[in-house]
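Residues per chain, in single letters:
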Amino acid sequence: MTTTHNFAPVTVGELLGQQFFVPRYQRGYRWTPRQVHELLDDVLAFIDRPNGSFYCLQPVVVLRNGERWDVVDGQQRLTTLSLIMTYFNSRMPEDEAWDVFELDYETRPESRAYLKRPLAGDEGKYVDFAYIHGAYQAVRDWFAAHPTRRGEIESALLNKVKVIWYQLEKNEDPVAMFMRLNVGKIPLTGAELVKGLFLRSGNFEGEDERIRHLKQTRIAREWDDIERRLQEDSFWYFLTNETRTSNRIDFLLRLHAQEIGVEAMPDDPSWLFLAFSKRLNDEKADVMAEWANIRQLFLRLDEWYRDRDFYHLVGYLAATGRPLSSLLELADCNKGELRRRLKAEMLPPVAKGDVTAENIAPALQTWLEDLDYEKRGDHRAIRQALLLFNIATLLESDRVTTRFPFDLFKTESWDLEHIRSVQSALPESPDRAAKWLDSFLGYVTGTEDPAGWRAAVHDAPVGQIDALSIDALDMRNATPFPMKEFPALAQRIIEKYDAEPDREADNTIGNLTLLDAATNRSYKNAVFPIKRKTLIDLDRSGTFVPVCTKNVFLKYYSPMIDDMLVWTAADAAAHQAALHTALVRFFAPAQVQA
């Protein structure tokens, strides 16, 4: 077999008749029947998939050694494919049998013959033979369960199932490559496969060796620079909600693939490699130009990150689930126009269309008034509205330089929390109920140390003993925790810090804010002053607190501050009005229309 490139998809049919040699540094064959069945199931699923061009297996890494190929990685897959082809041959006349590729194992020379007769009864001779025998039996069992699909599977394996053929250069050390592959430092999947396509020597045929080396070095260096930049969480989470710790450049490659019209195929883990393989194997392919386009895409995203306006506009849209590829489609214009387009994309559905000074305010008012926490379908919209409130607040003045930290917002899981407690949402387990009381006792005693609570409560001067605090302390010290009595005591605590105890639960957006999940769980539905103290402590310690959440607990939006320790209906209404005002200014017609 000859290949025009050293990194390309190769059909199983093209492997027939080849000779492979498995060096001693590799372990023996160890696939289980489950793995064999999964491979055949995948091929069957591919056949039944509409419009499937071909199915790609993981890489086979080889080094040319005379007439044979030394297998550096992929011998498990090659052995399994050999067993499947042997099964096909067992059902055919000898003169019509396929010329199955040969596999020689350096540590087990007899394996070559045994692969051709895996039911010969020698499975107990070596461990390898036992696994080979089990895998072959698994092949037979699978086809026994799918008796009508043998012909389709055979045709697909020969013509449409491909391995990613990675041929090492002559000067590469196969043992070193094997070690690197198997300790996971350069997994040949996704981005690393595409990197191999860009760096292969065949891309620069006919060029001076020094020039070739310079071009390969440039791509490799710039590749590493881009990956290093994407490893910065502040940049990464500005772009996406994906949680990924390595090969983040894969995200950029997918964006570029979509830019050039390649349809994403999430069900096929090899689609990205196959897309670039097809493009770079074209006779007219210009590898350096293709790489320049990818780098230009990165530079555009980096420019958006550095521009404070674009950082917040793009960051908000990405955080709320808008694909970055769709935002790039809007960017065929100057910066001023792009700002308007992005703001138009941020409008809630109820306000989209012909935005005028007369209709924007009532449209946003209707949207905010209709949001209700009790409607589970509204949670996403409420979260987006509160996030938008923070973005609009930060961008309201050019003199403010603070940036919203999308990385912390996403990794710390900030979500919805009632400002005024809702009794129905009280903790329902003894552990959480005890923590709820811990927060209350810590607040009323001024110490987080349980040892100091008794002294602060029971040793208080006569006339200053708080019966509610004593009851809370007694309940907290009771064993087992009296869960049945907890709701009544919790209601007494809530009413003490509620200026309007008869008011119904408030599920409007005016009574909601963003709070990190860890803090929310730690004092589920605590009373307002405890939440306020906790948020102030978090902010004082340097922990990220969204600016509007901080303003809420400082009662920044309340026109009259009679009591900093209660949250009234008037406070909630003022909060909602401030949110509405901020959005109206943010979406002023001049800001969203060309």
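The structure under discussion appears in the preceding block.
So, how was this worked out
- Residues numbered from 1 in each chain as written.
- Predicted model: local features only at pLDDT ≥ 70, side-chain atom pairs only at ≥ 80, totals over all residues.
- Heavy atoms only, no water.
- Helix = DSSP H or I, 4+ residues; strand = E, 2+ residues; numbered from the N terminus.
- Rg over C-alpha atoms; globule rule 2.2 N^0.38 Å.
- Buried < 20%, exposed > 50% of the residue type's maximum accessible area, 1.4 Å probe, protein only.
- Contact = heavy atoms within 4.5 Å.
- Lys, Arg positive; Asp, Glu negative; His and termini not counted.
- Charge placed at Lys NZ, Arg CZ, Asp CG, Glu CD.
- Pairing = 2+ DSSP bridges.
- Expected span 1.5 Å × (residues − 1).
- Arc of directions from axis to C-beta.
- Core = buried A, V, L, I, M, F, W, Y, C linked by side-chain atoms within 4.5 Å.
- Axes fitted to C-alpha atoms, helices over the stretch in contact; angles between N-to-C directions.
- Parallel < 35°, antiparallel > 145°, perpendicular 65-115°, else oblique.
- Nonpolar A, V, L, I, M, F, W, Y, C, P; charged D, E, K, R; others polar.
- Polar contact = N/O pair within 3.5 Å; in protein donor to acceptor, adjacent residues only side chain to side chain.
- Left-handed = near helix turned anticlockwise from the far one by under 90°.

Scanning the chain from terminus to terminus reveals 28 helices and eight strands. For a compact globule of 594 residues, the expected C-alpha radius of gyration is about 25 Å, and the chain comes in at 33 Å, more than 25% above that figure. Judged by the C-alpha coordinates and their principal axes, the chain covers about 100 × 65 × 45 Å. Residues counted as buried form 50% of the 594 residues belonging to the chain. In the chain, of all internal contacts separated by at least 6 residues, the share reaching a separation of at least 24 is 71%. Both charge centroids of the chain, one from 73 positive and one from 89 negative side chains, sit 3 Å from each other.

Most of strand E4 (residues 68-73) sits inside the fold, with five of its six residues counted as buried. By the bridge criterion, two bridges tie strand E2 (residues 19-22) to E4 in an arrangement that is parallel. Its bridge partner lying in E4, phenylalanine 21 is registered against aspartate 70. In this sheet, E4 lies alongside strand E3 (residues 55-65) in antiparallel orientation, the contact comprising five bridges. When the sheet's bridge partners are listed, valine 62 is paired in E4 with valine 71. Once E3 ends, the chain turns through two residues before running back antiparallel as E4, passing glycine 66 with a positive phi of about 70 degrees.

This part takes up helix H25 (residues 528-540). Over its 13 residues, H25 runs 18 Å from end to end, which matches the ideal 18 Å to within 8%, given 1.5 Å per residue. Every buried residue of H25 is listed here: Phe528, Pro529, Ile530, Lys531, Arg532, Leu535 and Leu538. Two residues or fewer past H25, glycine 542 is found with a positive phi of approximately 95 degrees.

On to helix H2 (residues 33-48). The first and last C-alpha atoms of H2 sit 23 Å apart over 16 residues, in line with the 22 Å expected at 1.5 Å per residue. Inspection of H2 places Val36, Leu39, Leu40, Val43, Leu44 and Phe46 among the buried residues, and these make up the whole buried set. Down the axis of H2, the buried side of the element spans an arc of 160 degrees, and every buried residue falls inside it. Where H2 is buried, its residues meet E3, helix H3 (75-90), helix H5 (127-145), helix H6 (150-159) and strand E6 (161-167).

This part takes up the environment of serine 429. Residue placement: serine 429 occurs in the loop between strand E7 (414-418) and helix H20 (430-445). Overall, serine 429 belongs to the partly exposed group, its relative accessible area being 26%. As for serine 429 and glutamate 417, which are separated by twelve residues in sequence, their C-alpha atoms are 19 Å apart.

Here the bond from threonine 479 into proline 480 is cis, since omega is -5 degrees, no more than 30 degrees from zero. If you trace the backbone, proline 480 turns up in the loop between helix H22 (467-477) and helix H23 (486-496). Here serine 413, not a glycine, exhibits a phi torsion of approximately 55 degrees, which is positive. Mapped onto the elements, serine 413 comes out in the loop between helix H19 (406-411) and E7.

Moving on, we come to the nonpolar core. Most often, soluble globular proteins keep nonpolar side chains buried together rather than apart. Ranked by internal contacts, the top residues of the largest apolar core, which has 100 residues, are Phe198, Phe276, Leu301, Trp304, Leu324, Leu342 and Phe587. Look past the residues within four positions of tryptophan 304 in its chain and what remains in contact with it is Phe238, Phe310, Tyr311, Val314, Leu324, Leu327, Leu328, Ala331 and Leu338. Counting 48 residues, the second largest nonpolar core, distinct from the first, contains Val22, Trp69, Val139 and Trp142.

The geometry of a pair of packed helices is captured by two quantities: the angle between their axes and the separation between those axes. Interhelical geometry of helix H9 (residues 209-230) versus helix H11 (residues 249-259) gives an angle of 110 degrees and a closest axis separation of 9 Å. One finds that H9 runs roughly perpendicular with respect to H11. Contacts between H9 and H11 involve Trp223, Ile226, Glu227 and Leu230 from the former and Ile249, Leu252 and Leu253 from the latter. Along the lines of polarity and charge, the residues of the contact of H9 with H11 split into six nonpolar, no polar and one charged.

For asparagine 203, the location among the structural elements is in the loop between helix H8 (191-199) and H9. Separated by 2.7 Å, the side chain of asparagine 203 and the backbone oxygen of leucine 197 make a polar contact. There is a polar contact of 3.0 Å between the side chain of asparagine 203 and the backbone oxygen of phenylalanine 198. In contact with asparagine 203, not counting residues within four places along its chain, are Leu197, Phe198 and Val287.

Our focus in this paragraph is the packing of helix H14 (residues 308-319) against helix H16 (residues 335-346). Here H14 crosses H16 at 30 degrees, and the two axes come no closer than 10 Å. The pairing of H14 with H16 is recorded here as roughly parallel in orientation. With respect to the hand of their crossing, H14 and H16 are arranged in left-handed fashion. Between H14 and H16, the contacting residues are Asp309, Phe310, Leu313, Val314, Tyr316 and Leu317 on the first element and Lys335, Leu338, Arg339, Leu342, Lys343, Glu345 and Met346 on the second. Partitioning the contact of H14 with H16 into residue classes produces eight nonpolar, no polar and five charged.

In short, geometric facts, not functional conclusions.
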